[in-house]
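Summary of the model geometry
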Amino acid sequence: MRERFARFMAGRYGMDSLGRFTMGLTLIFIILNYFTRNRLIPLLAWAGIMLTYYRMFSRNVYKRSAENQKFLSRTAKLRRWFYTQKNTFVQRKTHHIYKCPSCKQKIRIPKGKGRIEIRCPKCSTKFIKNS
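This text gives an overview of the structure that appears in the document.

Quick word on the pairing of strand β4 (residues 126-130)
Of the pairings in the sheet, the one linking strand β3 (residues 115-119) to β4 comprises five bridges and is antiparallel in character. From the neighbouring strand, I116 faces β4, where its bridge partner is K129. Between the antiparallel neighbours β3 and β4 lie six residues, among them S124 with a positive phi of about 65 degrees.

Concerning a nonpolar patch on the surface
On the surface, L27, I30, I31, Y34 and F35 cluster together to form a nonpolar patch covering roughly 580 Å² of accessible area. Secondary-structure assignment places I30 in helix α2 (residues 17-35). Taking the relative accessible area as the measure of exposure, I30 reaches 33% and is therefore partly exposed.

Things to note about the packing of α2 against helix α4 (residues 61-74)
At a closest axis distance of 8 Å, the pairing of α2 and α4 adopts a crossing angle of 70 degrees. Taken together, the axes of α2 and α4 lie roughly perpendicular to each other. Note on element contacts: α4 touches α2 through E67, N68, F71 and L72, opposite S17, L18 and F21. The residue makeup of the contact of α2 with α4, split by class, is four nonpolar, two polar and one charged.

Describing the packing of aromatic side chains
Under the definition given, this model contains four aromatic pairs. Pairing F21 with F71 gives two aromatic rings, centres 5.2 Å apart and planes at 40 degrees, and the pair type is tilted. Highlighted residues: F21 in helix α2 and F71 in helix α4, separated in sequence by 50 residues. The exposure class assigned to F21 is partly exposed, which follows from its relative accessible area of 44%. Taken together, the aromatic side chains of F8, Y53 and F57 make up a single cluster linked through ring pairs. The positively charged end of R12 is found above the aromatic ring belonging to F8, 4.2 Å away from the centroid. Its guanidinium or amino end placed over the ring of F89, R92 lies 4.0 Å from that ring's centre, counting from NZ or CZ.

A word on the nonpolar core
Listed in full, the seven residues of the largest apolar core are Y98, C100, I107, I109, I118, C120 and F127. Excluding its chain neighbours within four sequence positions, the residues that come into contact with I107 are H96, I97, Y98, C100, I118, C120, P121 and F127.

Quick word on the state of the cysteines
Counted by the stated rule, this structure contains zero disulfides. Looking at the unpaired C100, the closest cysteine sulfur is the one in C123, lying at 3.6 Å. Note on C100: relative accessible area 0%, which makes it buried. C120 takes part in no disulfide bond, and the closest cysteine sulfur, belonging to C103, lies 3.6 Å away. Residue classification places C120 among the buried residues on the basis of a relative accessible area of 0%.

Conventions we followed
- Residues numbered from 1 in each chain as written.
- Predicted model: local features only at pLDDT ≥ 70, side-chain atom pairs only at ≥ 80, totals over all residues.
- Heavy atoms only, no water.
- Pairing = 2+ DSSP bridges.
- Helix = DSSP H or I, 4+ residues; strand = E, 2+ residues; numbered from the N terminus.
- Patch = residues over 30% accessible without salt bridge, like charges linked within 9 Å, V, L, I, M, F, W, Y side chains within 5 Å.
- Areas by Shrake-Rupley, 256 points an atom, 1.4 Å probe, with all protein chains shown as cover.
- Salt bridge = Lys/Arg side-chain N within 4 Å of Asp/Glu carboxyl O.
- Buried < 20%, exposed > 50% of the residue type's maximum accessible area, 1.4 Å probe, protein only.
- Axes fitted to C-alpha atoms, helices over the stretch in contact; angles between N-to-C directions.
- Parallel < 35°, antiparallel > 145°, perpendicular 65-115°, else oblique.
- Contact = heavy atoms within 4.5 Å.
- Nonpolar A, V, L, I, M, F, W, Y, C, P; charged D, E, K, R; others polar.
- Phe/Tyr/Trp six-rings, centres within 6.5 Å; stacked < 30°, edge-to-face > 60°.
- Lys NZ or Arg CZ within 6 Å of the ring centre and 35° of its normal.
- Core = buried A, V, L, I, M, F, W, Y, C linked by side-chain atoms within 4.5 Å.
- Disulfide = S-S within 2.5 Å.

Worth remembering: the numbers are spatial, not functional.
Rendered as structure tokens:
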């Protein structure tokens, strides 16, 4: 069975970032449909499913790749912001992040070092903070 599916998918585009986004949006529409009885929401959900499967089973790899690159370039700032927030959240237990009082550069300081003097790597301003 697995080999048959692999042969079927040979030469087809498959799933990418835009496909995962449309599937997630479709899932949101399906869940939203349970809470509100709007006739437009199921149509949007079906359209999302059909678009996702059309892109996934498409043999025009070049066109699907270009669509995905366009999606990634338009969402780059938003994805970078989420990555930064996630990274800051992960580091909160081991590091403090301070801003330089003069140039507002973010500086990461390890926790547990006591009261230390911090020198900004950008403008060389010195200030004292607890770590």
